[in-house]
Amino acid sequence: QQQVKQSPQSLIVQKGGISIINCAYENTAFDYFPWYQQFPGKGPALLIAIRPDVSEKKEGRFTISFNKSAKQFSLHIMDSQPGDSATYFCAASMRGNTGKLIFGQGTTLQVKP
Amino acid sequence: DAGVTQSPTHLIKTRGQQVTLRCSPKSGHDTVSWYQQALGQGPQFIFQYYEEEERQRGNFPDRFSGHQFPNYSSELNVNALLLGDSALYLCASSSGLAFSDTQYFGPGTRLTVL
């Protein structure tokens, strides 16, 4: 299966809170898992990415947690800010399918002041 | 350093017409991929060009075709437009074909088919 399933569809978080978005996949050939952030009227921008040989990667307030056995990965946004309000997409790609990203359905995050 | 640029920004066509969208990759990038993003959905991979050849194709009909020029810029052509082709068309560029090369996306072209 080439799908990547993302949840929740939408999320409302108070300023300073933790935002958590989850993704699941079936194809064990997936070998690269990026997260993209998209603001209205803009193209997606890479936030952070992980390979399955590590269980966690942190960059500033953004952390990816990866569970290879469960075929799940998640994005945690610590100390969420109103400026983080955007749509977030998880994605995956396979070694050998050069650069073909399979995206999740997206999560619309609203951070309330 | 200019990022990925796309033109036009918006486009309105009628069913059955043909459309051409254009993309200039980020400076130093030689690989261009095209994605279709329907409203409220994640982007879907259409195809990828490298060295002026289509290297990878997603599940899109032959009505979707492309081209890459020697300066690495690219065009996406869609023939016999259908209402369902209405979407944001995104171009992404990267350097080389390595599967984990970061793809940089342009702002997209919003196509409306009436």
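Residues numbered from 1 in each chain as written. Chains lettered and ligands numbered in written order. Predicted model: local features only at pLDDT ≥ 70, side-chain atom pairs only at ≥ 80, totals over all residues. Heavy atoms only, no water.

Overview of the pairing of strand β4 (residues 30-38) of chain A
Residue and element names in this part refer to chain A.
- Taken across its nine residues, β4 has nine buried, putting it largely inside the fold.
- Direction of pairing for β4 relative to strand β9 (residues 86-94): antiparallel, over a ladder of six bridges. Residue pairing across strands places glutamine 38 opposite threonine 87, the latter belonging to β9.
- Here β4 runs beside strand β5 (residues 45-50); their pairing, made up of five bridges, is antiparallel. Within β5, the residue paired with glutamine 37 across the bridge is alanine 45. (Buried < 20%, exposed > 50% of the residue type's maximum accessible area, 1.4 Å probe, protein only. Helix = DSSP H or I, 4+ residues; strand = E, 2+ residues; numbered from the N terminus. Pairing = 2+ DSSP bridges.)

Focus on the interface of chain A and chain B
- Taken residue by residue, the interface counts 23 residues in chain A and 22 residues in chain B.
- Between chain A and chain B, roughly 1,700 Å² of surface is buried when both sides are summed, and carbon and sulfur atoms account for 56% of that area.
- For the pair chain A and chain B, the number of links is zero salt bridges.
- Connecting chain A to chain B are three residue pairs in polar contact (both at pLDDT 80 or more).
- Looking at the side of chain A that touches chain B, the elements with two or more residues in it are β4 and β9 of chain A.
- For the side of chain A that touches chain B, the element with the highest residue contribution is β4 of chain A, accounting for four residues.
- Its residues assigned to classes, the side of chain A that touches chain B comprises eight nonpolar, 10 polar and five charged. (Contact = heavy atoms within 4.5 Å. Buried area = accessible area lost by both parts, 1.4 Å probe. Salt bridge = Lys/Arg side-chain N within 4 Å of Asp/Glu carboxyl O. Polar contact = N/O pair within 3.5 Å; in protein donor to acceptor, adjacent residues only side chain to side chain. Nonpolar A, V, L, I, M, F, W, Y, C, P; charged D, E, K, R; others polar.)

Quick look at the state of the cysteines
- Within the structure shown, the criterion is met by two disulfides over all chains.
- At a sulfur-sulfur separation of 1.9 Å, the disulfide partner of cysteine 23 of chain A is cysteine 90 of chain A. Where cysteine 23 of chain A bonds to cysteine 90 of chain A through sulfur, the torsion about that S-S bond is close to -95°, and the disulfide is left-handed. Here cysteine 23 of chain A, found in strand β3 (residues 19-25), pairs with cysteine 90 of chain A, found in strand β9; they are 67 residues apart in sequence, far enough to count as distant.
- Residue pairing for cysteine 23 of chain B: its cysteine sulfur links by disulfide to cysteine 91 of chain B, the two sulfurs lying 1.8 Å apart. Around the S-S axis, the bridge from cysteine 23 of chain B to cysteine 91 of chain B shows a dihedral of about -60° and counts as left-handed. Of this pair, cysteine 23 of chain B sits in strand β3 (residues 19-24) while cysteine 91 of chain B sits in strand β9 (residues 87-94), and the two are 68 residues apart along the sequence. Each member of the pair, cysteine 23 of chain B as well as cysteine 91 of chain B, carries the same accessibility label: buried. (Disulfide = S-S within 2.5 Å.)

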